[in-house]
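Each chain is listed here by its residues.
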Amino acid sequence: MKRRSKTKYTQIHVSIPVRILEDFDDTLDFKQSRSKIISNLIKSYLQGEASLHDYSRLEIIEHLQYQYDKDSPEDVLIQALLALH
């Protein structure tokens, strides 16, 4: 039988503002792993996956515009938002 290779882990030291870490910890459930979530965030960053924070409000609204049929209630609402912006 072939041996399974294990993922090796290492400890690192990073400086994070205490308040950010406290806020982050407040969002975790008892069984959630801080390390696992941070690892997943780093993987997403490396894969170039963008989050909503990477876009301006205008870019988000413009993207939503193409999700709905022209002159639908949603489209009319989005057009009104774009006119205000």
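Residues numbered from 1 in each chain as written. Predicted model: local features only at pLDDT ≥ 70, side-chain atom pairs only at ≥ 80, totals over all residues. Heavy atoms only, no water.

### Comments concerning the overall build of the protein
Right, on to step 1. If you tally the helices and strands in the protein, you get 4 helices and 0 strands.
Right, on to step 2. Written out in order from the N terminus, the α and β elements of the protein read α-α-α-α.
Right, on to step 3. Over its C-alpha trace the protein gives a radius of gyration of 21 Å, far above what one expects of a compact globule, namely 12 Å for 85 residues.
Right, on to step 4. Overall, the C-alpha framework of the protein stretches about 60 × 45 × 25 Å when taken along its three principal axes.
Right, on to step 5. Within the protein, the proportion of its 85 residues that are buried is 8%.
Right, on to step 6. In the protein, which carries 12 positive and 13 negative side-chain charges, the distance between the mean positions of the two groups comes to 21 Å. (Helix = DSSP H or I, 4+ residues; strand = E, 2+ residues; numbered from the N terminus. Rg over C-alpha atoms; globule rule 2.2 N^0.38 Å. Buried < 20%, exposed > 50% of the residue type's maximum accessible area, 1.4 Å probe, protein only. Lys, Arg positive; Asp, Glu negative; His and termini not counted. Charge placed at Lys NZ, Arg CZ, Asp CG, Glu CD.)

### Points about the confidence of the model for the protein
Right, on to step 1. In the predicted model, the protein carries a mean pLDDT of 85, and the fraction of residues at 70 or more is 98%.
Right, on to step 2. Least confident of the elements in the protein is helix α3 (residues 57-65), whose mean pLDDT is 83; most confident is helix α1 (residues 18-27), at 90. (pLDDT = per-residue confidence, 0-100.)

### Considerations on helix α2 (residues 34-46)
Right, on to step 1. For α2, which comprises 13 residues, the first-to-last C-alpha distance of 18 Å matches the rise-based estimate of 18 Å (1.5 Å per residue) to within 8%.
Right, on to step 2. Where α2 begins, one side-chain oxygen reaches toward the backbone nitrogen of S35, 3.3 Å away; that side chain belongs to S33.
Right, on to step 3. Positive phi shows up at G48, right after α2, with a value of about 75°. (Expected span 1.5 Å × (residues − 1). Polar contact = N/O pair within 3.5 Å; in protein donor to acceptor, adjacent residues only side chain to side chain.)

### Observations concerning the packing of α3 against helix α4 (residues 73-84)
Right, on to step 1. Where α3 meets α4, the closest approach of the two axes is 10 Å, and the angle between their N-to-C directions is 155°. Here α4 runs roughly antiparallel to α3, going by the angle between their axes. The handedness of the crossing between α3 and α4 is left-handed. Taking contact as the criterion, the partners of L58, I61, E62, L64 and Q65 in α3 are, on α4, D75, I78, Q79, L81 and L82.
Right, on to step 2. Broken down by class, the residue content of the contact of α3 with α4 amounts to 6 nonpolar, 2 polar and 2 charged. (Axes fitted to C-alpha atoms, helices over the stretch in contact; angles between N-to-C directions. Parallel < 35°, antiparallel > 145°, perpendicular 65-115°, else oblique. Left-handed = near helix turned anticlockwise from the far one by under 90°. Contact = heavy atoms within 4.5 Å. Nonpolar A, V, L, I, M, F, W, Y, C, P; charged D, E, K, R; others polar.)

### Side note on the packing of α1 against α2
Right, on to step 1. Two elements in contact, α1 and α2, have axes whose closest approach is 11 Å; the angle formed by their N-to-C orientations is 105°. It follows from the interaxial angle that α1 and α2 lie roughly perpendicular. For the pair formed by α1 and α2, the contact residues are L21, F24 and D25 on the first element and R34, I37 and I38 on the second.
Right, on to step 2. Partitioning the contact of α1 with α2 into residue classes produces 4 nonpolar, no polar and 2 charged.

### Regarding unusual backbone geometry
Generally, phi is negative for residues other than glycine and the peptide bonds are trans, each holding for most cases.
Right, on to step 1. You will see that D71, though not glycine, has its phi angle at about 70°, which is positive.
Right, on to step 2. Following the sequence through the fold, D71 ends up in the loop between α3 and α4.
Right, on to step 3. Judged by relative accessible area, which is 61%, D71 ranks as exposed.

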